[in-house]
Amino acid sequence: MADQQWRIEVDRTTCLGSGMCTGLAPDHFTLVDGRSSPITDLASPDDLLIDAAESCPIEAIRIREEGTGTILAPEQ
C-alpha cells in the first residue's frame, strides 16, 4: 500500500550510541548528543529500518506500523 507509513521510535535513555543504526540507515537516523535519534518520526516502509532495529545491540529502536501500532521490529 503506497500510503502505508512506519513509525520510528528510539528509547534515547537506553541507547548506547553504537551508531549501528546510522551506519545501516543513514537516511533515517542521526546521532544527537551521542545517542540515536530518528530524522523523522514517520517514514515510508524501508527494509533498512527493520535491519537497523534488529541490529541495535540493546533493542532501543522500535519500528511500528502507523495506524495499527503493530511492532514490525525488533522481533518480539
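Just above, that's the structure.
Residues numbered from 1 in each chain as written. Predicted model: local features only at pLDDT ≥ 70, side-chain atom pairs only at ≥ 80, totals over all residues. Heavy atoms only, no water.

Chemist: Give me the pattern of salt bridges: which residues, what numbers.
Modeler: Going through the model one piece at a time under the given rule, you end up with two salt bridges. Measuring nitrogen to oxygen at the nearest pair gives 2.9 Å for the salt bridge that ties arginine 7 to glutamate 66. One end of the pair, arginine 7, is in strand E1 (residues 6-10); the other, glutamate 66, is in the loop between strand E5 (61-65) and strand E6 (71-73), with 59 residues separating them in the sequence. Here glutamate 66 falls in the partly exposed class, since its relative accessible area comes to 36%. Two residues, arginine 64 and glutamate 9, come together in a salt bridge whose shortest N-O distance is 3.1 Å. One end of the pair, arginine 64, is in strand E5; the other, glutamate 9, is in strand E1, with 55 residues separating them in the sequence. When its relative accessible area of 23% is taken as the criterion, arginine 64 is described as partly exposed. (Salt bridge = Lys/Arg side-chain N within 4 Å of Asp/Glu carboxyl O. Helix = DSSP H or I, 4+ residues; strand = E, 2+ residues; numbered from the N terminus. Buried < 20%, exposed > 50% of the residue type's maximum accessible area, 1.4 Å probe, protein only.)

Chemist: Describe the side chain of histidine 28, listing the residues and the values that go with them.
Modeler: Relative to the assigned elements, histidine 28 resides in the loop between helix H1 (20-24) and strand E2 (29-32). Once you skip the residues sitting within four places of it in the chain, histidine 28 turns out to touch Ile8, Ser37, Pro38, Ile39, Ala43, Asp46 and Leu49. (Contact = heavy atoms within 4.5 Å.)

Chemist: Talk me through the nonpolar core; I want residue IDs and the actual numbers.
Modeler: As a rule of thumb, soluble globular proteins bury nonpolar side chains together. In this structure, Ile8, Phe29, Leu49, Ile61 and Ile63 are the most contacted members of the largest nonpolar core, which totals 15 residues. Listing elements by their share of this core, those giving two or more residues are E1, helix H2 (47-55) and E5. Ranked by the residues each element gives to this core, the list is headed by H2, at three residues. Dropping the residues within four chain positions of it, isoleucine 61 is found in contact with Glu9, Val10, Cys21, Phe29, Ala52, Ala53, Cys56, Ala73 and Pro74. (Core = buried A, V, L, I, M, F, W, Y, C linked by side-chain atoms within 4.5 Å.)

Chemist: Could you give me a rundown of the pairing of E5, with the residues and numbers involved?
Modeler: By the bridge criterion, five bridges tie E1 to E5 in an arrangement that is antiparallel. Residue pairing across strands places arginine 7 opposite arginine 64, the latter belonging to E5. Here E5 pairs with E6 via two bridges, running antiparallel. Its bridge partner lying in E6, isoleucine 63 is registered against alanine 73. Here E5 folds back onto E6 in antiparallel fashion, the turn holding five residues, of which glycine 67 has a positive phi close to 100 degrees. (Pairing = 2+ DSSP bridges.)

Chemist: Lay out the side chain of serine 37 in plain terms, naming residues and giving numbers.
Modeler: With respect to the helices, strands and loops of the structure, serine 37 is situated in strand E3 (residues 35-38). When residues no more than four places from it in sequence are discounted, the contact partners of serine 37 are Arg12, His28, Phe29, Thr30 and Val32.

Chemist: Which residues make up a negative patch on the surface, and what are the values?
Modeler: On the surface, Asp47, Asp51, Glu54, Glu59 and Glu75 cluster together into a patch of negative charge. Looking at the element boundaries, glutamate 75 is found in the segment after E6. On the basis of relative accessibility, which here comes to 65%, the residue glutamate 75 falls in the exposed class. (Patch = residues over 30% accessible without salt bridge, like charges linked within 9 Å, V, L, I, M, F, W, Y side chains within 5 Å. Areas by Shrake-Rupley, 256 points an atom, 1.4 Å probe, with all protein chains shown as cover. Lys, Arg positive; Asp, Glu negative; His and termini not counted. Charge placed at Lys NZ, Arg CZ, Asp CG, Glu CD.)

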